[in-house]
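What the coordinates show
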Amino acid sequence: MADNQDVPQVETPVDEVATQNEEAPAEAPVQELFQLTVKLPNPPHHIQIMVSAQEQVQDIRQSVIELPGTFQYSCFHLEHNGVRINDYVELSEVPGIGPDSELVLVEDPYTEKEARIHLLRTRELIGAASARLDTAGGISAGMALFDSVDVASENQPHPLSDYDFAAPASLKQFLPKPSTTTAPKCVRGLSLSPWNPAPYYLRQKGHLLYLQVSTNEGESVHITSHVSGFYVNKSTSTKFDPSPKAANLQAHSLVTLLGLISTSFNKEFQALQEYNATKDPLITFGPTNAIPAAPWLVAGPEAQHKAHTSDLARPQEQYLLSGTEGVDSLRDFNEEFQSTRELPRDTVQERVFRERLLSKLFADYTEAAVKGAVLIAKGEIAPLNPTEGRDAQIYVYNNIFFSHGADGVGTFTSEGGDEAARVATGKDVMGVKAVNTLDIPGLQTPGTVVVDYLGRRLVAQSIVPGIFRQREEGQSQIDYGGVEGKDVVATSEDFAPLFEKMSKAMRVKSHPVWDKEGKKHDLVASVETKGLLGTDGRKYVLDLYRITPLDVDFIEKHWKGTEDETGYPHKMAVLRQELVDSFWKQKMREFVSKEMQTRKEAREKAEAEAEAAKAKEEVKEGEEKKETTEEAKEEAKAETETPAEATEEKSEEKAEEATEEKKVDDRIDIGAFDFALNPDVCTGQVPQSEEEKAAWAQDEKDVRDACTYLVEKVIPGLIEDLKEGDVGSPMDGHSLTRLMHKRGINVRYLGTIATLATEQGTKLASIKTLAVQEMVARASKHILNTLLRGLPAPLVTYAISHFLNCLLGATHNPAPVVAKDEALFKLYHDADFSFEQLTIESLRAQITKEIQRRFRYDLEEDWAAKIKNLQLLREVSLKVGLQLAIKDYDFSAPKADAVKVNGDAAPAPQTNGNGKKGKKSKQSAQQSGSTSPVPKGPTNTFGPNDIMNIVPIVKDSSSKSQLAEEALEAGRISIIQDQKELGQELLLESLSLHEQIYGVLHPEVARVYNVLSMLYYQLDEKAAAVELARKAVIVAERTLGVDSTETILNYLNLGLFEHANGDTKAALAYIKHAFGFWRIIYGDGHPDSVTTMNNTAVMLQALKHYTDSRKWFEASLEVCEDIFGKTSANAATLSFQLAQALALDNDSKGSVARMRDAYNIFLAELGPNDRNTKEAENWLEQLTQNAVALAKQAKETAARRRLMNPRVTMSTQPQPQVGVKKEQEIGGSDRRSIDELVKFIDGSEQKPRKQQGKTNPKRRGQGARK
């Protein structure tokens, strides 16, 4: 019902989609591929390319550049029938183009820009380019570990043969496997020559650049880049002579020339191509439309030092990329954004082209914004208003406008100051993203990115034309919405229709507001949302930080003004858009239910009235008949035959009409439903008339109902779903908050989530742990940002390491002090050194206070002892952007006999959050070394050198591609409707659209790979599922992170698919890899790990490794008992499976004991008639009979002390699918009761239950069984 209710609210852009999708099939024939031949000036002299008529010529050009046989070409154009073809037209627009047509590649003269591009490309092609510093991504940005997973396990029976459940999580997993081979080296070096730039008189002759190359033979050669190509000149390192050295040492392509210069070049170049071909392109190519994921753990200083190589061209790259004036990198981003949005979108091809350009543009803009923000934070860019306070300063870099996410000019003074301003900037980005998703024609948004770096928040916006223009007195820059807060309000008929479309889609109610003079203004959006008419004639929407109402109930309870430090930090607590949509659907359901009830009552009333009228008519006819004479009766009879027939016909017609009316009645017109929320409720607006006050009161009631809906329905609903297992349990703070956001729950309700989870006991212990950990991490982030805000960049590592020692290193060193570099500290004598005053006690007090203020949650007194150190370190690092050195950080008490307190020794069990083991190790350390002197070496867990880098945290406003999402959803629906062929076709179309629009390396593409792999798995296309799952893993690793929850789940899915496809060893390798990261990001005992461990045990059974399989079943059962209890149905199911595993492992006594446990639990929980109880009873009987037979055999052969014959193993195979029949074939049945038989079995053993107690439990699950 809810799905149907959404239909009338669909906006115009989405309506267009339906039309375009209908048109798509008509376009399909035009998209047929055909072959083109491209003639080349050099060998191989021609190539064939498959193209479609809709492709642009520049796509063919790009194909030529990327093909192995032709990538030496970069400066050329294409001709057809002797006529040059424009690169930006579609093939269909080129006259005479068709199948088997021939294009000619014509080499063009170089310009300086083309020569620079060619040099950069050549360096990359021949492997001479070193890694560039990635401002946004940091160290090892976009790395993949997929090819480091050892799927062969050559020295082991299987990948998990030596798995140790008790071992601490190893951080070495973040290190990629060292390569056994090195890439072939084509040249020793290729760079610009010191003789650059070319003198003016030589520029006149076509000289562009001078290069120098050091060949593998040890020769240093100087090259001239000329408009005609490249040639070897006579220059040396001391003499300048750019004239040609030999007539035969010149070529249009630098790659070709290098082959002429060096005898080994062509051979090494071929070897390099073969070497590159062995690697997955997804691993080697760089992301183009997404910021690569930065791991929070990277190789330490020694490894980084060794990896840093000498390269003359590295500092020259900025010039090669941007030119001498840097003009090539300057872009008018705002004009690009708006002109791209205005591109036509009538056909599917036009929409693909438009959305692809937008996706690339957002990526380029985000990259430029991040670079600018980092430079500003480091003090490299001068402000436009240097006389203002730092928070009020503004900057322009690369045509991007930057401002601080702080209340520098007092706009938010009454709402929380800097805290409110910081929140407003984050909400504004979300608002811009929402408007970009709606994609309303004619309504423009500026490019918006928020960057958090070194404790400072910077907002980057594309410059709207006219925003800095000085208006005449009395005029305002703002044409719609609040001009000066809420005191002055502007309205415009030009903006109202566009804002109305936006507000309708966002469930924003049209409402009046009043300015400071009490004058009424009717607005269709929040008074804070502003409209501006740019000097380019376009209509822009700005300040979208309050498109949803305030969380009125929360603010009234917890906001106590700016002076009270116990209240919530700001008044910008708004409801999430997801909650508004959910509440709207709830209201629609109520409307539909009410309409149906009203119609039902009306129908019943009408039927009752009809019945009464019919009865009355029958009585009346009876009386008339009695009064007539016999003769009259006959006449009446003759005369009334026809009316009777007519009445019958009439009644039938009425029945048909009633049926039709009923059908019509059943259709409820939801066009009459109109519900929206007023975002300006409780913001100080003062209605004037009684009618306005009544309407305002109703608006306020609606908003309060939404707040109540959140607290009383949505949050308890999430807790219930987590408790019942209806949604996957989050693994870390990010997945928990993402789940909350999907339900419309704000992060400020983390305290409520933790409280409700505590009430559920062990079932939701993991949720409570994650919620508390997330609150501590967020509080730590706010405190650390405050400490970093006033620090120069060189002092940041000292502050961070001291902060981490106070937060996580208390057990190791109860009184940490800052490791100072005195000379550096004196140099920055005027910096804010408040971080030196930080102590363990003061930090814990601040965290407790912050959590109380922000989340309304009181931490337990011993929270610091219960926290998981490694997991909290990860959460803080990800939130602040830290990249730490990979090492075993010691969170336990120092040992007296240790040479290094902070060395490479294995960390204490407390590393993974196991408080009990941590305490034991602490006590033992104190007992053994309490009187010994502290050894030499570092006494802190963290040192400044452990902080390898800090990466910016970025929030952008790019929206998803609606076209790609629609195709994916259409494919899903077709599969559900059992239209498999159509569904698969649509899914592949969706995948193609995702790859075209986003580029292959993008988080959205990783998600669609994952979705498609699961759908193909369900369709029994296992090979395709495996291939897609592999791609999902690699793309997720590179764009989301090697240890993100999505990557881990992708690995687990890949494991299942590999097992189903017959490669169980590879499946186990992937599961082991995922499990290792799972223990790093959560620790041991996660609820969902039960399923994974059970899958692993089943896979090991399939490989006939029964002992190892049994260990995983036991581990699974232990976790299950810890979470759900020993007498739960879940534990019974696992005991049932463990009993089967024990039987396979020749432990008949343990098998009977476990099956008996399962039977007793099923009997108590589900009753004697339940299918599970009966099945357990049958298994128990069969296992008992088998155990009796084995016990008899053991007694008879006791003298020889012989072990069980392998033949018995066959008899005890209790696989759920086939085991029962095999068990029934073993001998005759024993008529003794089960209890008597168990006693008989146990009679030969003094302690029969001991073996069972030695299990090494952990987790389990299902789904792998095939």
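These numbers come from a predicted model, not from an experiment.

What counts, and at which threshold
Residues numbered from 1 in each chain as written. Predicted model: local features only at pLDDT ≥ 70, side-chain atom pairs only at ≥ 80, totals over all residues. Heavy atoms only, no water. Helix = DSSP H or I, 4+ residues; strand = E, 2+ residues; numbered from the N terminus. Buried < 20%, exposed > 50% of the residue type's maximum accessible area, 1.4 Å probe, protein only. Contact = heavy atoms within 4.5 Å. Areas by Shrake-Rupley, 256 points an atom, 1.4 Å probe, with all protein chains shown as cover. Pairing = 2+ DSSP bridges. Axes fitted to C-alpha atoms, helices over the stretch in contact; angles between N-to-C directions. Patch = residues over 30% accessible without salt bridge, like charges linked within 9 Å, V, L, I, M, F, W, Y side chains within 5 Å. Salt bridge = Lys/Arg side-chain N within 4 Å of Asp/Glu carboxyl O. Lys, Arg positive; Asp, Glu negative; His and termini not counted. Charge placed at Lys NZ, Arg CZ, Asp CG, Glu CD. Parallel < 35°, antiparallel > 145°, perpendicular 65-115°, else oblique. Left-handed = near helix turned anticlockwise from the far one by under 90°. Phe/Tyr/Trp six-rings, centres within 6.5 Å; stacked < 30°, edge-to-face > 60°. Lys NZ or Arg CZ within 6 Å of the ring centre and 35° of its normal. pLDDT = per-residue confidence, 0-100. Polar contact = N/O pair within 3.5 Å; in protein donor to acceptor, adjacent residues only side chain to side chain. Expected span 1.5 Å × (residues − 1). Bend = angle between axes of the 7 residues up to and from the residue.

**Overview of the overall build of the chain**
- Helix and strand content of the chain: 42 helices and 25 strands.
- Across the 1266 residues of the chain, 50% fall into the buried class.
- Within the chain, contacts between residues at least 6 apart in sequence are counted, and of these 71% link residues at least 24 apart.
- For the chain, the computed accessible surface area is about 61,100 Å², with 50% contributed by carbon and sulfur atoms.

**Some thoughts on the sheet that holds strand E15 (residues 448-453)**
- On the basis of which strands lie adjacent, the open sheet formed by 5 strands has the order E12-E13-E16-E15-E25 and antiparallel pairing. Only two strands of the sheet have a single partner each, and these edge strands are strand E12 (394-397) and strand E25 (953-956). Ignoring strand direction, the axes of neighbouring strands in this sheet form an average angle of 20°.
- Where E12 meets strand E13 (residues 400-404), 4 bridges bridge the pair, whose relative direction is antiparallel.

**Some thoughts on the side chain of Glu 1046**
- Here Glu 1046 is to be found in helix H32 (residues 1045-1060).
- In this structure Glu 1046 comes out as buried when scored by relative accessible area, which is 18%.
- For Glu 1046, the residues in contact, after removing those within four places along its chain, are Arg 738, Arg 1007 and Leu 1040.

**Some details on a negative patch on the surface**
- On the surface, a cluster of negative charge is made up of Glu 601, Glu 604, Glu 607 and Glu 611.
- With respect to the secondary-structure elements, Glu 604 resides in helix H16 (residues 577-627).

**Considering the sheet that holds strand E14 (residues 443-444)**
- The sheet built from 3 strands is open, its strands ordered E14-E22-E21 with mixed pairing. Whereas interior strands pair on both sides, the edge strands pair on one side only; in this sheet they are E14 and strand E21 (530-533).
- Pairing between E14 and strand E22 (residues 539-542): 2 bridges, direction parallel. Bridge pairing links Leu 443 to Lys 539 in E22.

**Details of the pattern of salt bridges**
- A full pass over the atoms with the stated rule returns 63 salt bridges.
- Put simply, Lys 879 and Glu 875 hold a salt bridge, and the shortest N to O gap is 3.2 Å. With Lys 879 and Glu 875 both in helix H26 (residues 869-880) and 4 residues apart, this pair spans about one turn of that helix.
- On the basis of relative accessibility, which here comes to 18%, the residue Lys 879 falls in the buried class.
- Overall, Glu 875 belongs to the buried group, its relative accessible area being 2%.

**Side note on the packing of helix H35 (residues 1106-1124) against helix H36 (residues 1129-1144)**
- Interaxial distance between H35 and H36 falls to 9 Å at its minimum, and their mutual angle equals 165°. Classified by the interaxial angle, the pair formed by H35 and H36 is roughly antiparallel. Two packed elements cross with a definite hand, and for H35 against H36 that hand is left-handed. Taken together, the residues of H36 that come into contact with H35 (itself represented by Tyr 1106, Arg 1110, Phe 1113, Glu 1114, Ser 1116, Leu 1117, Cys 1120, Glu 1121 and Phe 1124) are Asn 1130, Ala 1131, Leu 1134, Ser 1135, Gln 1137, Leu 1138, Ala 1141, Leu 1142 and Leu 1144.

**Let's talk about the packing of aromatic side chains**
- Taken as a whole, this structure holds 37 aromatic pairs when the rule is applied.
- With a centroid separation of 5.8 Å and an interplanar angle of 65°, the aromatic rings of Phe 412 and Tyr 545 are classed as edge-to-face. Of this pair, Phe 412 sits in the loop between E13 and helix H13 (418-438) while Tyr 545 is found in the loop between E22 and helix H15 (552-558), placing the two residues 133 residues apart along the sequence.
- Taking the centre distance of 5.7 Å and the plane angle of 70° together, the rings of Phe 1075 and Trp 1112 count as edge-to-face. On the criterion of sequence distance, the pair formed by Phe 1075 in helix H33 (residues 1064-1081) and Trp 1112 in helix H35 is long-range, its members being 37 residues apart.
- You can call Trp 1112 buried: its relative accessible area is 2%.
- An aromatic cluster is built from Tyr 163, Phe 165, Phe 1075, Trp 1078 and Trp 1112, whose rings are joined through pairwise contacts.
- If you follow Arg 203 out to its NZ or CZ, it ends over the ring of Tyr 200, 4.7 Å from the centre.

**Quick word on the environment of Lys 433**
- Residue placement: Lys 433 occurs in helix H13.
- Between the C-alpha atom of Lys 433 and that of Ser 958, which follows or precedes it by 525 residues, the distance is 5.9 Å.
- Residue contacts for Lys 433: discarding those within four places in its chain leaves Asp 956, Ser 957, Ser 958 and Ser 959.

**Considerations on the confidence of the model for the chain**
- Residues with a pLDDT of 70 or more make up 84% of the chain, whose mean pLDDT is 83.
- Per-residue pLDDT stays below 50 along residues 1-30; that stretch engages in 43 contacts with residues further than four places along the chain or on separate chains.
- Every residue in residues 1201-1234 is under pLDDT 50, and counting partners more than four places away or in other chains gives 52 contacts.

**Structural notes on the environment of Ser 262**
- Its location among the elements puts Ser 262 in the loop between helix H6 (254-261) and helix H7 (265-277).
- Setting aside its immediate chain neighbours within four residues, Ser 262 contacts Thr 215 and Glu 217.
- At 2.9 Å, the side chain of Ser 262 forms a polar contact with the side chain of Glu 217.

**Let's talk about unusual backbone geometry**
- The omega torsion across Pro 43 and Pro 44 is 10°, close enough to zero to call that bond cis.
- Along the chain, Pro 44 falls in the loop between strand E1 (33-39) and strand E2 (46-52).
- Here Asn 196 and Pro 197 are connected by a cis peptide whose omega angle stands at -5°.
- Here Pro 197 is to be found in the loop between strand E6 (187-192) and helix H5 (200-203).
- The phi dihedral of Leu 454 is positive, around 55°, even though this residue is not glycine.
- Notably, Arg 507 is not glycine yet its phi reads approximately 60°, a positive angle.

**Re helix H18 (residues 690-724)**
- For H18, which comprises 35 residues, the first-to-last C-alpha distance of 49 Å matches the rise-based estimate of 51 Å (1.5 Å per residue) to within 8%.
- Its maximal kink placed at Leu 710, H18 deviates by approximately 35°.
- Two residues or fewer past H18, Gly 725 is found with a positive phi of approximately 80°.

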